[in-house]
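Structural features, examined
Okay, here's what each chain looks like letter by letter:
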Amino acid sequence: MARNKHPEETVQLILDTAFRLFIEKGYERTSIQDIIDHLGGLSKGAIYHHFKSKEDILVAVTDRMTAESNQMLAVIRDRSDLNGKEKLKTIFKESIRRPVQNDIFTVAPDFHNNPKLLFSLLYDTMENAAPNYILPIIEQGISDGSIQTEYPEQLSELILLAANVWVNPMIFDSSEEESCRKFMVFSQMMQGFGLDIVDDEILERLQELTAIYQKRK
């Protein structure tokens, strides 16, 4: 039986293997046994030593993707050549353009049957992404005059909850048409705050990702 001397290497092997299988077969069609069969001899105990369930593995895979996304957000947040409003627009464009989004929408599970993953998404949105990345940008926008609001903290949360949850076709199993309608309302809402930060290019990309998700269901 193959052994791995370092626990962190075992964890990465499990996550890499699971992610590949989630892409190839879809999350719902991948079993714990499938993952074990592709671990090069590692036992079932090696998995359950680090993860209690397949859902826990998916959460860890998603957390790894989120960490990469947060690095991108930090880079944009800290740029000195853009005002606050321009940074928000850049974040939306760069976030949805990333090739890894194709993988995320391919892997996507049924959120109705995965409350732990849904909670993880909501928690990261409210406790990490909004206060650490979007709020500083909005506060900069208030200072440089590109954003007008008396409630920067609440606005940062609203923007991300609408974009990451309500508009997200994976959460409510939205069709391309439904996603388009939600996007148009989201765009109107942003314009109401003086933030014309989403455009047709982002809509087209959202429709593309929705099609990927619907195809792999």
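Residues numbered from 1 in each chain as written. Predicted model: local features only at pLDDT ≥ 70, side-chain atom pairs only at ≥ 80, totals over all residues. Heavy atoms only, no water.

**Observations regarding the pattern of salt bridges**
Our working rule: Any carboxyl oxygen of Asp or Glu within 4 Å of a side-chain nitrogen of Lys or Arg constitutes a salt bridge here. Helix and strand labels come from DSSP, where a helix needs a run of H or I of at least four residues and a strand needs a run of E of at least two; each type is numbered from the N terminus. Only protein chains enter the area calculation, which uses a 1.4 Å probe; residues under 20% of their type maximum are buried, those over 50% are exposed, and those in between are partly exposed.
Considering all chains together, one arrives at 12 salt bridges under this definition. Where D16 meets R64, a salt bridge forms, and the shortest distance between an N and an O atom there is 2.9 Å. Of the two residues, D16 is situated in helix α1 (residues 7-25) and R64 in helix α4 (residues 54-77); the sequence distance between them amounts to 48 residues. For R205, the salt bridge identified is with E208, shortest N-O distance 3.1 Å. One end of the pair, R205, and the other, E208, are both in helix α11 (residues 200-216), 3 residues apart, so they sit about a helical turn from each other. Judged by its relative accessible area of 11%, R205 is buried. On the basis of relative accessible area, E208 is assigned to the partly exposed category, the value being 40%.

**What about the side chain of D56?**
Here is the rule we go by: Contacts are residue-level and defined by heavy atoms, with any inter-residue pair within 4.5 Å sufficient.
You can see D56 is positioned in helix α4. If we ignore the near neighbours within four places in the chain, the residues touching D56 are F51 and K116.

**A word on the nonpolar core**
We count it as follows: Only buried Ala, Val, Leu, Ile, Met, Phe, Trp, Tyr and Cys residues count toward a nonpolar core, and they belong to the same one when joined by side-chain atoms within 4.5 Å.
Of all hydrophobic cores here, the largest spans 63 residues; its most connected members are I47, I57, L88 and I159. Here the element with the most residues in this core is α4; it accounts for 10 residues. Apart from the residues within four sequence positions on either side, I159 is in contact with L88, F92, I138, F186, M190 and L195.

**Thoughts on the packing of helix α7 (residues 115-144) against helix α8 (residues 152-166)**
Cut-off, in case you're wondering: Orientation is described by lines fitted to C-alpha atoms, with helices fitted over the stretch in contact, and by angles between N-to-C directions that extend from 0 to 180 degrees. By the definition adopted for this analysis, an angle is roughly parallel if under 35 degrees, roughly antiparallel if over 145, roughly perpendicular if from 65 to 115, and oblique otherwise. By the definition used in this description, the sense in which the near helix is turned from the far one sets the handedness, with an anticlockwise turn below a right angle giving left-handed and a clockwise turn giving right-handed.
One way to put it is that α7 packs onto α8 with a least axis distance of 8 Å and a crossing angle of 130°. The orientation of α7 relative to α8 falls into the category oblique. You can see that α7 and α8 cross each other, and the crossing is right-handed. Contacts between α7 and α8 involve L121, L122, T125, M126, A129, A130, I134, L135, I138, E139 and I142 from the first element and P152, E153, L155, S156, E157, I159, L160, L161, N164 and V165 from the second.

**A closer look at the side chain of K93**
Threshold: We call two N or O atoms a polar contact when they sit within 3.5 Å, provided that within protein one can donate a hydrogen and the other can accept it, with sequence-adjacent residues counted only if both atoms are side-chain atoms.
Position of K93 relative to the elements: it lies in helix α5 (residues 84-97). A polar contact is formed between the side chain of K93 and the side chain of E201, at a distance of 3.1 Å. Setting aside residues up to four positions removed in sequence, K93 forms contacts with D199, E201 and I202.

**Remarks on the packing of aromatic side chains**
The line we're drawing: Pairing of aromatic side chains here covers Phe, Tyr and the six-membered ring of Trp, requires ring centres within 6.5 Å, and sorts the geometry by plane angle: under 30 degrees stacked, over 60 edge-to-face, intermediate tilted.
Tallied over the full model, the rule gives 3 aromatic pairs. Ring centres 5.9 Å apart and planes at 35° place the aromatic pair F119 and Y123 in the tilted group. Within this pair, F119 and its partner Y123 are both found in helix α7, separated by 4 residues, close to a single helical turn. For F119, a relative accessible area of 54% corresponds to the exposed category.

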